[in-house]
Amino acid sequence: MTREESPVTHTKRIDVEVADCGQVYLLDEGDHEPNGRPADSPAHSVGLVTAEGRGFASLNIATLWGLIPFTVTVADQDPGADLDGYEDIVEISFDSPSGQVFLAGWLMDWDDEKAHDLSPLLSGPGTYRLRYHVRGMAEERCSVDDHYLQIWPAAQHDPAVLKTTSIPFQHMLKADRAAG
């Protein structure tokens, strides 16, 4: 690989505070609209992740509240899935109108200081792929490295399940299929 072809990645380990709901949100800094996705876009839910609309995605976590350790990699190309290290892995498309995103937990009152800046996305505004790796769903735990999110530029395409092992995730998939 030449120097120009070397992948660029930025990895952060963060603790996201969640007050209730069992979800963490990826939000576009400039524009996030629940249910604002175009009518012609593909289905945008895959059990563990739902693209709620332009610049807005929710990620299910193993517990309802607490300080949730996350690892996030922002890359300029597909960084590759960790198929051996996680029980459940999914992918979904995400539209970032500004190229500036942050990760935040659901809190009773919004607190800018508890939102974690992941910016800039390496290709600026556009369509990205989210790959969400999870382990420990059945144990309802949130240990270091149980939640790993990868973000890289990619064309819009259907959600995909790369690996499903845990019973809670299999139930989420059945509920998704029944609803859609």
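Quick summary incoming for the structure in this document.

Scoring rules and cut-offs
- As a convention, each chain's residues are numbered from 1 in the sequence order in which they are written.
- With the structure being a predicted model, the display of local features is reserved for residues of pLDDT at least 70 and the display and counting of side-chain atom pairs for 80 or more, all residues being used for whole-chain, interface and lining totals.
- As a convention, hydrogens and water are excluded, and side-chain values are obtained from all of the structure's heavy atoms.
- Strand pairing is assigned whenever DSSP detects at least two bridges linking the two strands.
- Helix and strand assignments follow DSSP, with helices taken as H or I runs no shorter than four residues and strands as E runs no shorter than two, numbered in order from the N terminus.
- The angle between two axes is taken between their N-to-C directions and runs from 0 to 180 degrees, where each axis is a line fitted to C-alpha atoms and a helix contributes only its stretch in contact.
- N or O atoms closer than or at 3.5 Å make up a polar contact, with two conditions inside protein: a donor-capable atom paired with an acceptor-capable one, and, for residues adjacent in sequence, both atoms drawn from side chains.
- A pairing counts as a salt bridge when a side-chain nitrogen of Lys or Arg comes within 4 Å of a carboxyl oxygen of Asp or Glu.
- Using a 1.4 Å probe on the protein chains alone, a residue whose accessible area is under 20% of its type maximum counts as buried, one over 50% counts as exposed, and one in between counts as partly exposed.
- By the convention used here, residues are in contact when the closest approach between their heavy atoms is within 4.5 Å.
- Definition used in this section: a nonpolar core is a set of buried Ala, Val, Leu, Ile, Met, Phe, Trp, Tyr and Cys residues joined via side-chain atoms within 4.5 Å.

## Thoughts on the sheet that holds strand β3 (residues 49-53)
Part 1 of the reasoning: Reading across the sheet, the five strands line up as β3-β4-β2-β7-β8 and stay open at both edges, with antiparallel pairing between neighbours. Taken across any chain shown, the strands that pair with only one partner, and hence form the sheet edges, are β3 and β8 (116-117).
Part 2 of the reasoning: Note: strand β2 (residues 23-28) against strand β7 (residues 101-105), five bridges, orientation antiparallel. Within β7, the residue paired with Tyr25 across the bridge is Ala104.

## Brief notes about the sheet that holds strand β11 (residues 160-163)
Part 1 of the reasoning: Ordered in space as β1-β5-β10-β9-β6-β11, the six strands form an open sheet in which the pairing is mixed. The open sheet terminates on both sides in strands that have one partner only, identified here as β1 (9-18) and β11. Direction aside, neighbouring strands of the sheet carry axes that sit 25° apart on average.
Part 2 of the reasoning: Looking at chain direction, β1 and strand β5 (residues 66-75) are connected through ten bridges and run antiparallel.

## What about the side chain of Gln23?
Part 1 of the reasoning: With respect to the helices, strands and loops of the structure, Gln23 is situated in strand β2.
Part 2 of the reasoning: Looking at Gln23, its side chain comes within polar contact range of the side chain of Asn60, at 3.2 Å.

## Quick look at the pattern of salt bridges
Part 1 of the reasoning: Taken as a whole and assessed by the stated rule, the structure comprises four salt bridges.
Part 2 of the reasoning: Salt-bridge contacts for Arg129 lead to Glu91; the nearest nitrogen and oxygen are separated by 3.1 Å. In this pair, Arg129 sits in strand β9 (residues 126-134) while Glu91 sits in strand β6 (residues 88-96), placing the two residues 38 residues apart along the sequence. Considered together, Arg129 and Glu91 belong to a single accessibility category, that of buried residues.
Part 3 of the reasoning: Between Asp146 and Arg135 there is a salt bridge, with the nearest N and O atoms lying 3.2 Å from each other. Placement of the pair is Asp146 in the loop between β9 and β10 (147-153) and Arg135 in the loop between β9 and β10, with a sequence separation of eleven residues.
Part 4 of the reasoning: Note on Arg135: relative accessible area 22%, which makes it partly exposed.
Part 5 of the reasoning: It is possible to trace a salt-bridge network through shared partners that takes in Asp78, Glu91, Arg129 and Arg131.

## Some words on the side chain of Gln150
Part 1 of the reasoning: Along the chain, the position of Gln150 falls in strand β10.
Part 2 of the reasoning: Engagement of the side chain of Gln150 in a polar contact is seen with the side chain of Arg131, the distance being 2.8 Å.
Part 3 of the reasoning: Reaching out from Gln150, the side chain makes a polar contact with the side chain of Tyr148 at a distance of 3.2 Å.
Part 4 of the reasoning: When sequence neighbours within four positions are dropped, the list of residues in contact with Gln150 reads Thr73, Pro79, Gly80, Ala81, Arg129, Leu130, Arg131 and His133.

## A look at the environment of Ser96
Part 1 of the reasoning: Note on placement: Ser96 falls in strand β6.
Part 2 of the reasoning: On the basis of relative accessibility, which here comes to 0%, the residue Ser96 falls in the buried class.
Part 3 of the reasoning: Put simply, Ser96 and Gly55 are 41 residues apart on the chain and 5.0 Å apart in space, counted from C-alpha to C-alpha.
Part 4 of the reasoning: Not counting residues within four places of it along the chain, the set of residues in contact with Ser96 comprises Asp28, Val101, Leu121, Pro125, Gly126 and Tyr128.
Part 5 of the reasoning: Within the local environment of Ser96, its side chain forms a polar contact with the side chain of Asp28, the two groups lying 2.6 Å apart.

## Regarding the nonpolar core
Part 1 of the reasoning: In terms of nonpolar packing, the biggest core is built from 33 residues, with Leu26, Phe70, Leu103, Tyr132 and Ile151 touching the most fellow members.
Part 2 of the reasoning: Look past the residues within four positions of Leu103 in its chain and what remains in contact with it is Ile14, Val16, Val24, Tyr25, Leu26, Phe70, Val72, Lys114, Ala115, His116, Leu118 and Leu149.
Part 3 of the reasoning: By size, the runner-up hydrophobic cluster in this structure holds five residues, among which are Tyr25, Leu27, Phe102 and Ala104.

## What about the environment of Asp117?
Part 1 of the reasoning: Structurally, the position occupied by Asp117 is in strand β8.
Part 2 of the reasoning: The sequence separation of Asp117 and Glu29 amounts to 88 residues, and the corresponding C-alpha distance is 8.8 Å.
Part 3 of the reasoning: Beyond its immediate chain neighbours, meaning those up to four positions away, Asp117 contacts Lys12, Val101 and Phe102.
Part 4 of the reasoning: A distance of 2.9 Å separates polar atoms of two side chains, one belonging to Asp117 and the other to Ser119.

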